[in-house]
Amino acid sequence: MTARPGEDRVARAILTHLAEAPDPVLTGLLSVLSPGQVLDSIRSGTIPAAAAVGLDPVQAARLRPALSRWCARLPAVPADGGLTTAPRDGIRLVCPADPEWPSGLDDLGTARPCALWVRGRADLRARCAKSLAIVGARAATAYGTHVATEIAADLASRGWAIVSGAAYGIDAAAHVGALAVHGVTIAVLASGPDIPYPREHRSLLADITAHGAVISEYPPGSRPTRLRFLARNRIIAALGCATIVVEAAPSSGSMNTARYATQLARPLMAVPGPVTSALSAGCHELISRHDAACVTSAADILAHVSQTPE
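Conventions adopted
Along each chain, numbering runs from 1 in the same order as the chain's sequence is written. Residues qualify for local features only when their pLDDT is at least 70, as the model is predicted, and side-chain atom pairs are given and counted only at 80 or more; totals for whole chains, interfaces and linings, by contrast, use all residues. The side-chain values count all of the structure's non-hydrogen atoms but skip hydrogen atoms and water molecules. Axes here mean lines fitted to C-alpha atoms, for a helix over just the part in contact, with angles spanning 0 to 180 degrees between N-to-C directions. Secondary structure is summarised from DSSP: a helix means a run of H or I of at least four residues, a strand means a run of E of at least two, and numbering begins at the N terminus for each. Angle categories: roughly parallel below 35 degrees, roughly antiparallel above 145, roughly perpendicular from 65 to 115, and oblique for all the rest. Only heavy atoms enter the contact rule, under which two residues are in contact if any of them lie within 4.5 Å. Any residue outside Ala, Val, Leu, Ile, Met, Phe, Trp, Tyr, Cys, Pro, Asp, Glu, Lys and Arg is labelled polar, Gly included; the first ten of those are nonpolar and the last four are charged. Relative accessibility decides the category of a residue: with a 1.4 Å probe and only protein chains considered, values under 20% of the type maximum give buried, values over 50% give exposed, and everything between is partly exposed. Whether a crossing is left-handed or right-handed is set by the direction in which the near helix is turned from the far one by less than a right angle, anticlockwise for left-handed and clockwise for right-handed. It is the directions from the helix axis to the C-beta atoms whose arc is reported.

Visitor: Honestly, the packing of helix 3 (residues 35-44) against helix 5 (residues 57-73) in this entry has me stumped. Any pointers?
Guide: Relative placement of two packed helices is described by the angle separating their axes and the distance separating the axes. Look at helix 3 against helix 5: their axes get within 8 Å of each other, and the N-to-C directions meet at 90°. As far as their axial angle goes, helix 5 and helix 3 are roughly perpendicular. For the pair formed by helix 3 and helix 5, the contact residues are Ser41, Ile42 and Arg43 on the first element and Leu67, Trp70 and Cys71 on the second. A class-by-class count of the residues in the contact of helix 3 with helix 5 yields 4 nonpolar, 1 polar and 1 charged.

Encoded structure:
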């Protein structure tokens, strides 16, 4: 018997508590079973034989340990996955079948989020249809902060939503630039949408919530971890029609986001900087070795994006 839509929504909410995203095993199961059936399989420790045929060898090998791990976590999860209490904090769950689900996330394949916890009034699908990701160094220079703020403000004033990660430095500058012109901006967190991180950005995240959205694949109450910061970068890249890197060290989270953008066949751009600055080295590498377009203004950026706002 097929689960009812309401049951599937509860099941997805529960699954966000159980699996550490991105989890290809969970994604594989969801490709052959409904969310409710996946949850039943976790509780029983087995999946239907017919469903197992749909898993690739790697997913199949990891299946039994995953089911055991998720089952052990079940007792600590609310029976409704937190759906009852989330609205009190202005948080809603957006699932792949919902009209609001951003279609760009489907390009992630086995790394697609199970669901998103969203805080804010912005319609994700509508806003992400005309969005640009801006990322960069946390320890940004005055030059990088200025450029990120100006570019984000110009793009937002032209109707583009700005997507970033609410971190120190370039991320914060991009959000601030969009907010300065009353534009829409979306923050993707490595914590639950109700956990301001960094703490000093509590006010900034409140402003983003009021004029856009704060989103996470992790449920309310979740704390950030190093791996979650890396994982959320794929969502930033997938939500944007293109990714712009403003200052980055050669080995950094921003370069990780750039790699995801390339894998997703999204336009990748980088802002050049002083050759004496270590924080420009990553951008120069992207331009010289990874076919990133060299950009210095919003006009440059829009010239490399096929879709422009009406």
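Visitor: Would you take a moment to explain the side chain of Thr243 for this structure?
Guide: Relative to the elements of secondary structure, Thr243 occurs in strand 7 (residues 243-246). The class of Thr243 is buried, set by a relative accessible area of 0%. In this structure, Thr243 is in contact with Ala133, Val135, Ala237, Thr257, Ala261, Pro267, Leu268 and Met269, ignoring residues within four places of it in sequence.

Visitor: So what exactly am I meant to see when it comes to the packing of helix 8 (residues 170-180) against helix 9 (residues 202-211) here?
Guide: One can describe the packing of helix 8 onto helix 9 by two numbers: an axis separation of 11 Å at closest approach and a directional angle of 45°. Put simply, helix 8 runs oblique to helix 9. Note on packing geometry: the crossing formed by helix 8 with helix 9 is left-handed. Across the interface between the two elements, Ala172, His175, Val176 and Leu179 of helix 8 pack against Leu204, Asp207, Ile208 and His211 of helix 9. Of the residues belonging to the contact of helix 8 with helix 9, the class tally is 5 nonpolar, 2 polar and 1 charged.

Visitor: I would appreciate a short explanation of helix 9 in the present structure.
Guide: Residues spaced three or four apart along an α-helix face the same direction, because each turn holds 3.6 residues. By the burial criterion, the buried members of helix 9 are Leu204, Leu205 and Ile208. The arc that holds every buried residue of helix 9, seen down its axis, measures 95°, which confines them to one face. Exposed residues pointing more than 90 degrees away from the buried face of helix 9 are listed as Arg202, Ser203 and Ala210. On its buried face, helix 9 sits against helix 8, strand 5 (185-188) and strand 6 (213-216).

Visitor: Quick question: what am I supposed to make of helix 8 here?
Guide: Here helix 8 lies mainly inside the structure; 9 of its 11 residues are buried. Of all the residues in helix 8, the buried ones are Ile170, Asp171, Ala172, Ala173, Ala174, His175, Gly177, Ala178 and Leu179. Remark: His182 follows helix 8 within two positions and exhibits a positive phi of approximately 60°.

Visitor: What exactly am I supposed to notice about the environment of Gly273 here?
Guide: Its place among the elements puts Gly273 in the loop between strand 8 (268-271) and helix 12 (281-289). Overall, the relative accessible area of 18% leaves Gly273 in the buried class. For the pair Gly273 and Cys283, spaced 10 residues apart in the sequence, the C-alpha separation amounts to 7.9 Å. Those residues in contact with Gly273, other than ones at most four positions away along the chain, are Tyr143, Ser280 and His284.

Note that all results are geometric; they support no functional claim without further evidence.
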